[in-house]
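Chain by chain, the residues:
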Amino acid sequence: MYSIEAGDQVHTLNLTVPGKGYVVGLYDGNDTSSQVNTFMYATEKTDNGAARVYFMVPQGDAGRVYVVNHKNEVIASQNLSTGNFIDIRPGFFDNAEYLLYYGKDCEGTTCPRKLPFMARMGSATVLHVNDNSMEGDYHQLNHKKITRSFQVRPNTVSIAWVLPQYIVITLGEVLLSVTGLEFAYSQSAPNMKSVLQALWLLTVFMGNVIDMGISGTHIIPEPATEFFFYALLMVLTMGIFIFLAIRYTYVEEEVEEAQPMQVKERIPAEDTTC
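To keep things clear, this report deals only with the structure shown in the data block. The structure displayed is predicted, hence computed values, not measured ones. (Residues numbered from 1 in each chain as written. Predicted model: local features only at pLDDT ≥ 70, side-chain atom pairs only at ≥ 80, totals over all residues. Heavy atoms only, no water.)

### Quick word on the state of the cysteines
- All chains considered together, the criterion is met by one disulfide.
- Residue Cys106 pairs covalently with Cys111 via a disulfide, S to S 2.2 Å. Sign of the S-S torsion, about 90° for the bond between Cys106 and Cys111, identifies this disulfide as right-handed. Like Cys106, the residue Cys111 is buried in the burial classification. (Disulfide = S-S within 2.5 Å. Buried < 20%, exposed > 50% of the residue type's maximum accessible area, 1.4 Å probe, protein only.)

Here is the structure:
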């Protein structure tokens, strides 16, 4: 626990919360006094690749901020106060450049101030509005009045790298699922074929349960460690399959010889008429 004192203000920061951080804003007042604002933010990536914008303002209520796309449409809005945020998620083929209009007693593009913003996937940006009483847009304001800082860096790896992974996973699923079902069908007794195929599909269900139990409960906090753990489970499973396959005796299917069709010779009835 840490404390920040500025005049009669005391802010307590708890730096032991996992996945959380603090943004601290220090402002100089007109009477040579200092003002401190703080808020907690998530250090993890945003959901669905959205770009998150946090706001830091000296006053409690600085009006409202509006997100306007390249079509001059308002897609989101939020109260302009410390700690509030907006998630911006462009469409797949949309332009990632936006304008943030903000101010008091205004709506949408009628607000007197605006700020250009580039929505970068997975990023978290803090917008510091040092003096909300200024007129004009971002290009006319002094750079000390409005500043931006990245708290979470944007994604730098292209999402196209997902395609080869999906191809490999799909091939593995096809090869394993088809051969497994065929094995369960061919090696089972005639009256147990459906049961063994259902048991094979049950193994898929149990794998999903293990996945949900680990990922859903966050037992392993680090994603990299979690994926290495899954890889270790797959190696152990492969070892068990190889051990069983070496000692397995296959059941040979008996091929019944086709019996020749018996052709009955039709004997015509004797003609008893005279």
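Back to the text.
### So, the side chain of Ser81
- Locating Ser81 in the fold gives a position in the loop between β7 (74-79) and β8 (85-88).
- For Ser81, the side chain forms a polar contact with the side chain of Asn84, separated by 2.8 Å. (Helix = DSSP H or I, 4+ residues; strand = E, 2+ residues; numbered from the N terminus. Polar contact = N/O pair within 3.5 Å; in protein donor to acceptor, adjacent residues only side chain to side chain.)

### Side note on the pattern of salt bridges
- Per the counting criterion, the structure on display carries one salt bridge.
- Arg52 is paired through a salt bridge with Asp87; the nearest N and O atoms lie 2.7 Å apart. Here Arg52 is found in strand β5 (residues 51-56), whereas its partner Asp87 is found in strand β8, with 35 residues between them in sequence.
- Its relative accessible area of 16% is what places Arg52 among the buried residues. (Salt bridge = Lys/Arg side-chain N within 4 Å of Asp/Glu carboxyl O.)

### Quick notes on the packing of helix α2 (residues 193-217) against helix α3 (residues 223-246)
- Where α2 meets α3, the closest approach of the two axes is 11 Å, and the angle between their N-to-C directions is 155°. The orientation of α2 relative to α3 falls into the category roughly antiparallel. Note on packing geometry: the crossing formed by α2 with α3 is right-handed. Across the interface between the two elements, Trp200, Ile210, Asp211, Ile214 and Ser215 from α2 touch Glu226, Phe229, Tyr230, Leu233 and Phe241 from α3.
- A breakdown of the residues in the contact of α2 with α3 according to their chemical character gives seven nonpolar, one polar and two charged. (Axes fitted to C-alpha atoms, helices over the stretch in contact; angles between N-to-C directions. Parallel < 35°, antiparallel > 145°, perpendicular 65-115°, else oblique. Left-handed = near helix turned anticlockwise from the far one by under 90°. Contact = heavy atoms within 4.5 Å. Nonpolar A, V, L, I, M, F, W, Y, C, P; charged D, E, K, R; others polar.)

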